[in-house]
Structure formats: C-alpha cells, structure tokens
Amino acid sequence: MDVEKVTEVAPEVDDDGRVRTGTVWTATTHAITAIIGSGVLALPWSVAQMGWILGPIALIGCAYITYFTAVLLTDCYRSPDPVHGKRNYTYMDAVRSSLGNKTTLKLVLTDVAVCGIAQYAILCGAIVGYTITAATAGIMSVVRSNCRHYKGHGANCSQEGTMYLVLFGLVEVVLSQLPSLEKVTFISIVAAVMSFTYSFVALFLSAAKFAANHRAYGTILGSKIGGPGGVSAPTRTWNFLQALGNIAFAYTYSMLLIEIQDTVKSPPSENVTMKKASLYGIGVTTAFYVSLGCIGYAAFGNHAPGNILTGFDEPFWLVDLANVAVVIHLVGAYQVYAQPVFACYEKWLRSRYPESGFFHREYALRLPGGRAMRFTMCKLVMRTAFVAATTIVSLMLPFFNAILGLLGAAAFWPLTVYFPVTMYITQAKVPRGSRKWLALQALNVGALIVSLLAAVGSVADIVQRLGHVTMFKTKL
C-alpha cells in the first residue's frame, strides 16, 4: 500500500517575526462587526428628527467622510512609508510615530495622550453600552414580546434585567480568555451574520408596514414643533442634535482600524488590503443604514420609535429572532472591542514586570480534539476582573447609553477625523496653505462642530434621563 508523504508547510513569518493570517475578508468581517451595532435600529428615529432632506444627506455624507478618513488612516499603519515603513501596532503607536517630528516633545505626548484617552474611553464605553443593550434591547425584549403575544398587547409586561446583565457578563468571562483579536475571527463572523439578520428583519417588517400604509409618512423637515403630535422647541433641538451625533458615530470604527490592520498578512501590502476592507465594510453598512433609516421613517413617520423593533409585536417569532440576533451580535462585538483593551494593558504589564511568572508563565488546558488553550494567570485574573467591572458599571448606570453618546461625541472628532487628517498631512508632506491642506482643515473644523453639537444633545439627554432611573435597577 502506498503511503503519501505529507510535508508540513511552515507558516509565513512577517518582517517583525509574527505570523499573521488575516485577509481582506476577515478584515471586512471585523470592520462590519465593529461598525454595525444595535444603533442601526435607532436610525429611523434619527431620520425622523432630521426629515426627508437632511436625514438621507447625513446618512450618505457621514459614510463618505468615514471612508475617506479610514483610507488616510490605513496609510499610517506603517511610517514614514505606508508600504515599507516601521509597523505601528496600535492607534497610539501610529500617532506617536507619525507626529513624532513635532517641534516639542510636549506636543507629541499631548497628542498621544489625547488619542489614548479617546480611543480606550470609547472602547470601554462601548463595551458597557453593549452589555446594557444586550440585556434590554435583546433578552428583555424577547421576554416582553412573548408576554404580549400570550397575554395581549395591552398587558403589563414590565420587568427587571439585572439577572440578564449578569448572565451576559458570565458568557463574556469565558470568551475573554481567547488569546487575541485574530483568534476571535469566527466569533466576529457569527456576529456579522447576526447583525445582518436583525437588520434584514427590521427592514422587512418596516417595508411590510410601509406597503400596508399605501403611502410614505414623514415630512421634509422632520418632527414638528407644537400642535398635535408635535414637541417643544427645546426638545426638537436636542433631538436633532442627538440624531446628528447618532448618524455620525454610527459609521465610526477608526478606534479599531489599526488594530484590525495589524491582523492582516502581506503581500499585498497591509494598506491595500485594509482600504478594500474599509470600502466593503462601510459600503455594505451604508446600504443597510440608508435602506432601514429611510424605509423605517416612511413606515412610521415622525413617530418612529427609538428602537424600530419595538414598533412591532407580530409576528412575534420573527421579532424574537431579531432580538436574539441582537444578543448574539453583541456577544461577539464585545470581544472585538475588548481584545485591543486586553492587549494594551497586558503588553504594558509584561514590560513592566519582565521577571514575574504571574505575567509570563503559560499554563495549558487540554481541550477535546487534542487542542490546548494556553493562558497566563494575568490573563485569567485581569480579564475576568475587567468583565466583572464593566458588568458592575452596567448595573450601576442603566442609562449609560446616554453617556456613551457623550463619549462618542467627544471621541468622534479626534479619532475619526483629526488624527487621520493630521497624520496624513505630516506623512504625505502636504504643503501648508495649499488647496488640499485647506480642504482637509475644513473637514477638521466641520467634524469638530458636529462633535460639539452632538455633545450638547447628549448632555441634554443625560440630564433628562437622570430623573427617571434607579441605580442597580434595569427596567424595560
């Protein structure tokens, strides 16, 4: 009997000694998981605050700006040359490397500090927001939907979500032991599929309601001030600003772009692959956002709910399917956002304590199929503590999604526009005062204004919610 000799092919090692396996498709998957959040379900409400003219313009305009700045940022993964330069493993590394030739060390440190604070504040904030949303907009919504189906749509189906928050945290404790962002690709793929699932369901239900209405609701300028069905002028203003911020932040994934790009193998060069991934990810997202935002607004008009799925009770099984998909998506998105946080503090601790076995000694847990999961005590203890801390914050501040809006407003300008534009100007040596320089600076100023206006709307929302919430008591 002939026996075929199998020769193992050694994995290709990159110029820094690491083995990277990411492709344009895995990067696109990570991008979609990072971009499409449950916030997509609030887009019909956002369009309702802006109307038929400004709403679609904002959806398409913000998508283009995000893609444009993402393309600039992909060229900063390596510096000073975007193809052959030194690798920057994190967003902070890219800022330090690209802006390191400033005249004073103080300015460089300030830029790096602002970048780090903004990036990790929005990552940690999103993680807390995902925990709350998974319990309220996901699990609790399923329970309420079933309650209304069996007890009647007018039944009192209010409930508390503390137990669901804790259960979500326990699941993330287990998943947090996965080694790195590269190793959560399968979870990211599942999360991306789930985001498509609940977006499709919301789109289908909205389209069905729109067809049943035999007309498109909504107005040119959005929700009205005063009169029947109208709101007060201050409320109209705050809602408009909050909607503008929601749409601007809905596309943002710059805080993860460099970390995702660091998982990509070459050739082709990493910036080429990541530009394609950004185009595919933002393109697919834009198609969903515009479709759901506009069709949902056409179906409900100025009375579109904050979560479009809450506008439907039947068919209850389809609504349940969408809400379960929200939960599964957030389970994966949590890890996509958390892994860069883990990598940041673990890298610092390892360098800070080079001789400590707590941070360096690896243990192996044998798994079925002959595989083994390797971990350090630092990873086991610190990651578990991190998940526990985010869960406790979620329990303490059930209105945290309003705070997340403020964090998003504060981080949108520096992370999505200012740093990519400034690093590109420095790296490409764009002449000061040239047309390109002026256009990029105009984009900078415009994004800053949007961030400031959205922050005002978010603060107003926080003040309003503070009077209606109780700590450690999550209700739907």
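Residues numbered from 1 in each chain as written. Predicted model: local features only at pLDDT ≥ 70, side-chain atom pairs only at ≥ 80, totals over all residues. Heavy atoms only, no water.

Draft legend 1. A look at helix α6 (residues 185-213). For α6, with 29 residues, the first-to-last C-alpha span of 42 Å sits near the 42 Å given by 1.5 Å per residue. Of the residues flanking the end of α6, it is His 214, one or two places downstream, whose phi is positive at about 60 degrees. (Helix = DSSP H or I, 4+ residues; strand = E, 2+ residues; numbered from the N terminus. Expected span 1.5 Å × (residues − 1).)

Draft legend 2. How the structure looks around a nonpolar patch on the surface. The grouping of Ile 53, Leu 54, Ile 57, Ile 220 and Leu 221 at the surface amounts to a nonpolar patch, some 500 Å² of accessible area in total. Checked against the element boundaries, Ile 220 lands in the loop between α6 and α7 (233-250). (Patch = residues over 30% accessible without salt bridge, like charges linked within 9 Å, V, L, I, M, F, W, Y side chains within 5 Å. Areas by Shrake-Rupley, 256 points an atom, 1.4 Å probe, with all protein chains shown as cover. Salt bridge = Lys/Arg side-chain N within 4 Å of Asp/Glu carboxyl O.)

Draft legend 3. Summary view of helix α1 (residues 24-35). With 12 residues, α1 should reach 16 Å at 1.5 Å per residue; the first-to-last C-alpha distance of 16 Å fits that figure. For α1, the buried fraction is high: 11 of the 12 residues fall into the buried class. When α1 is considered as a whole, its buried residues turn out to be Val 24, Thr 26, Ala 27, Thr 28, Thr 29, His 30, Ala 31, Ile 32, Thr 33, Ala 34 and Ile 35. (Buried < 20%, exposed > 50% of the residue type's maximum accessible area, 1.4 Å probe, protein only.)

Draft legend 4. Molecular detail of the side chain of Ser 278. With respect to the secondary-structure elements, Ser 278 resides in helix α9 (residues 270-300). Aside from chain neighbours lying at most four places away, what touches Ser 278 is Tyr 67, Ala 70, Thr 74, Tyr 253, Leu 257 and Gly 283. (Contact = heavy atoms within 4.5 Å.)

Draft legend 5. How the structure looks around the side chain of Thr 263. Tracing the sequence through the fold places Thr 263 in the loop between α8 (254-261) and α9. Thr 263 sits in the buried class, given a relative accessible area of 5%. Within the local environment of Thr 263, its side chain forms a polar contact with the backbone oxygen of Ile 260, the two atoms lying 2.6 Å apart. (Polar contact = N/O pair within 3.5 Å; in protein donor to acceptor, adjacent residues only side chain to side chain.)

Draft legend 6. Structural detail: empty space enclosed by the protein. Per the counting criterion, the structure on display carries 2 cavities of 30 Å³ or more. Its boundaries defined by the atoms lining it, the largest cavity holds a volume of some 90 Å³. As for the largest cavity, its lining consists of Ser 141, Arg 144, Ser 145, Arg 148, Leu 309, Thr 310, Phe 312, Asp 313, Val 319 and Asn 323. Where the lining of the largest cavity is concerned, the elements lending two or more residues are α4 (105-151) and α10 (316-352). No other element matches the 4 residues that α4 contributes to the lining of the largest cavity. A per-class count over the lining of the largest cavity returns 3 nonpolar, 4 polar and 3 charged. As a volume, the second largest cavity reaches approximately 50 Å³. Forming the boundary of the second largest cavity are Thr 66, Thr 69, Ala 70, Leu 73, Thr 252, Tyr 253, Ser 254, Leu 257 and Thr 416. For the lining of the second largest cavity, the element with the highest residue contribution is helix α2 (residues 43-74), accounting for 4 residues. A class-by-class count of the residues in the lining of the second largest cavity yields 4 nonpolar, 5 polar and no charged. (1 Å grid on protein atoms, 1.4 Å probe; cavity = no way out; pocket = protein on both sides within 12 Å on 5 of 7 lines; lining within 4 Å. Points joined across faces, edges and corners; volume = space filled by probe spheres on them. Nonpolar A, V, L, I, M, F, W, Y, C, P; charged D, E, K, R; others polar.)

Draft legend 7. Up close: the nonpolar core. Formed by 112 residues in total, the largest nonpolar core has its most connected members in Tyr 253, Tyr 289, Tyr 337 and Met 423. Tallying contributions element by element places α10 first for this core, with 16 residues. Beyond its immediate stretch of four places on either side in the chain, Met 423 contacts Leu 73, Cys 76, Tyr 91, Ala 94, Val 95, Ser 98 and Leu 99. Counting 5 residues, the second-largest nonpolar core is a separate cluster that includes Ala 135, Met 140, Leu 165 and Leu 395. (Core = buried A, V, L, I, M, F, W, Y, C linked by side-chain atoms within 4.5 Å.)

Draft legend 8. Quick look at the confidence of the model for the chain. This prediction gives the chain a mean pLDDT of 80; 86% of its residues lie at or above 70. Below pLDDT 50 for its whole length, residues 1-10 participates in 0 contacts with residues either more than four positions away or in separate chains. (pLDDT = per-residue confidence, 0-100.)

Draft legend 9. Representation of the packing of α1 against α10 within the structure. Packing of α1 against α10 brings their axes to within 9 Å, and their N-to-C directions diverge by 110 degrees. By the angle between their directions, the pair α1 and α10 is classed as roughly perpendicular. Residues His 30, Thr 33 and Ala 34 of α1 lie in contact with α10, whose contacting residues are His 329, Ala 333, Val 336 and Tyr 337. Taken together, the residues of the contact of α1 with α10 break down into 4 nonpolar, 3 polar and no charged. (Axes fitted to C-alpha atoms, helices over the stretch in contact; angles between N-to-C directions. Parallel < 35°, antiparallel > 145°, perpendicular 65-115°, else oblique.)

Draft legend 10. Here's a closer look at the environment of Leu 72. Relative to the helices and strands, Leu 72 is located in helix α2. Residues contacting Leu 72, with those up to four places away along its chain left out, are Pro 420, Val 421, Tyr 424 and Leu 440.

Draft legend 11. Molecular detail of the packing of aromatic side chains. All chains considered together, the criterion is met by 14 aromatic pairs. Taking 5.1 Å as the distance between ring centres and 25 degrees as the angle between the ring planes, the aromatic pair formed by Phe 196 and Phe 288 counts as stacked. Pair noted here: Phe 196 is in helix α6 and Phe 288 is in helix α9, with a separation of 92 residues, a long-range link. On the basis of relative accessibility, which here comes to 23%, the residue Phe 196 falls in the partly exposed class. Assessed through its relative accessible area of 12%, Phe 288 is described here as buried. Between Phe 200 and Phe 288, the ring centres sit 5.1 Å apart and the planes meet at 75 degrees, which makes this aromatic pair edge-to-face. (Phe/Tyr/Trp six-rings, centres within 6.5 Å; stacked < 30°, edge-to-face > 60°.)

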